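Coordinate inspection notes
One letter stands for each residue in the lines below.
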Amino acid sequence: SVAEFVNYNLQNIQICYNPTDDYYLLVWINVQGGGSLHQLRTRVATVSSNGSITYGSELGLGSATHGSANPSVSYDSSANKFLVCWRNTSESNRLYSAVVSVSGTTCSSGTVVEMSTDNVDQIASEYDPDNNKHLVCFRNNTQAGLKGKARLATISGTNVSFGSEVEMDGNNQLKYMTLAY
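Let me begin by describing the structure that accompanies this report.

Take the pattern of salt bridges next. Pairing between side chains of opposite charge can happen when their charged atoms approach one another. In the structure shown here, the tally under the stated rule is five salt bridges. Notably, a salt bridge pairs Glu-58 with Arg-41, separated by 2.8 Å at the nearest N-O pair. Taken together, the positions of Glu-58 in the loop between strand S4 (53-55) and strand S5 (59-61) and Arg-41 in strand S3 (residues 37-47) put the pair 17 residues apart, joining distant regions of the chain. The exposure class assigned to Glu-58 is partly exposed, which follows from its relative accessible area of 24%. A residue is classified by how much of its surface remains accessible, and Arg-41, at 15% relative accessible area, is buried. In this structure, the salt-bridge partner of Arg-43 is Glu-58, at a minimum N-O distance of 3.7 Å. Taken as a pair, Arg-43 in strand S3 and Glu-58 in the loop between S4 and S5 lie far apart in primary sequence, 15 residues in all. If you follow the salt bridges from partner to partner, you end up with Arg-41, Arg-43 and Glu-58 in one network.

Moving on, we come to the pairing of strand S8 (residues 94-103). Of all ten residues that make up S8, eight are buried, and the element is covered over most of its length. Taken together, the seven bridges between strand S7 (residues 81-88) and S8 define a ladder with antiparallel strand orientation. Within S8, the residue paired with Arg-87 across the bridge is Leu-95. Counting the residues between successive antiparallel strands, the hairpin from S7 to S8 contains five residues, one of them, Ser-92, with a positive phi of roughly 55°. Here S8 runs beside strand S10 (residues 113-116); their pairing, made up of three bridges, is antiparallel. For Tyr-96, the partnering residue across the bridge sits in S10 and is Glu-114. Pairing geometry for S8 and strand S9 (residues 106-109), over four bridges, is antiparallel. Residue pairing across strands places Ser-103 opposite Thr-106, the latter belonging to S9. Counting the residues between successive antiparallel strands, the hairpin from S8 to S9 contains two residues, one of them, Gly-104, with a positive phi of roughly 70°.

Calculation notes
Each chain carries its own residue numbering, running from 1 in the written order of its sequence. pLDDT decides what is reported in this predicted model: residues at 70 or higher carry local features, side-chain atom pairs at 80 or more are listed and counted, and totals for whole chains, interfaces and linings draw on all residues regardless. As a convention, hydrogens and water are excluded, and side-chain values are obtained from all of the structure's heavy atoms. Salt-bridge detection follows one rule: a side-chain nitrogen of Lys or Arg within 4 Å of a carboxyl oxygen of Asp or Glu. Only DSSP runs of H or I covering at least 4 residues are called helices, and only runs of E covering at least 2 are called strands; the numbering of each starts at the N terminus. Under the scheme applied here, a residue whose accessible area is under 20% of the maximum for its type counts as buried, over 50% as exposed, and between as partly exposed, the area being computed with a 1.4 Å probe on protein chains only. Whether two strands pair comes down to DSSP finding at least two bridges between them.

What follows is the structure, given as structure tokens:
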């Protein structure tokens, strides 16, 4: 059977598995007030041996007064934490991120950090365990075209730091992206 994990409008659901502790982190946008307010939310989901699903409590990331969209989540096996990235539609579509930690079925987050001031509208992230880094790719949607950009991110405790921003696509025609390790 399917267990309902929220009872309100939502969009942009992302899911990431933690094989170390055998649970999933769900990330989604809570669409409130008829679609005028979008808040990023997270929740742990565990699946028992009989197939039943149990959910932890919700955690909001960012501010309830800011619009969020296009979340991406990747699991860091070295830190045993998640990197969650999203764009803030209330602040010129800038790219933000936060480290999410889980204890039991409770999520907590580090400080929300601005990752790019570009007008971002597509985000993908993936963890590279060989180099202990997350690759975060995003599309910069400007009047000059659709440029692909990337940054490496490293988790330390509940903080995240970033390498330099690199342009991936020189012809300004990037449409969609997916990452896999």
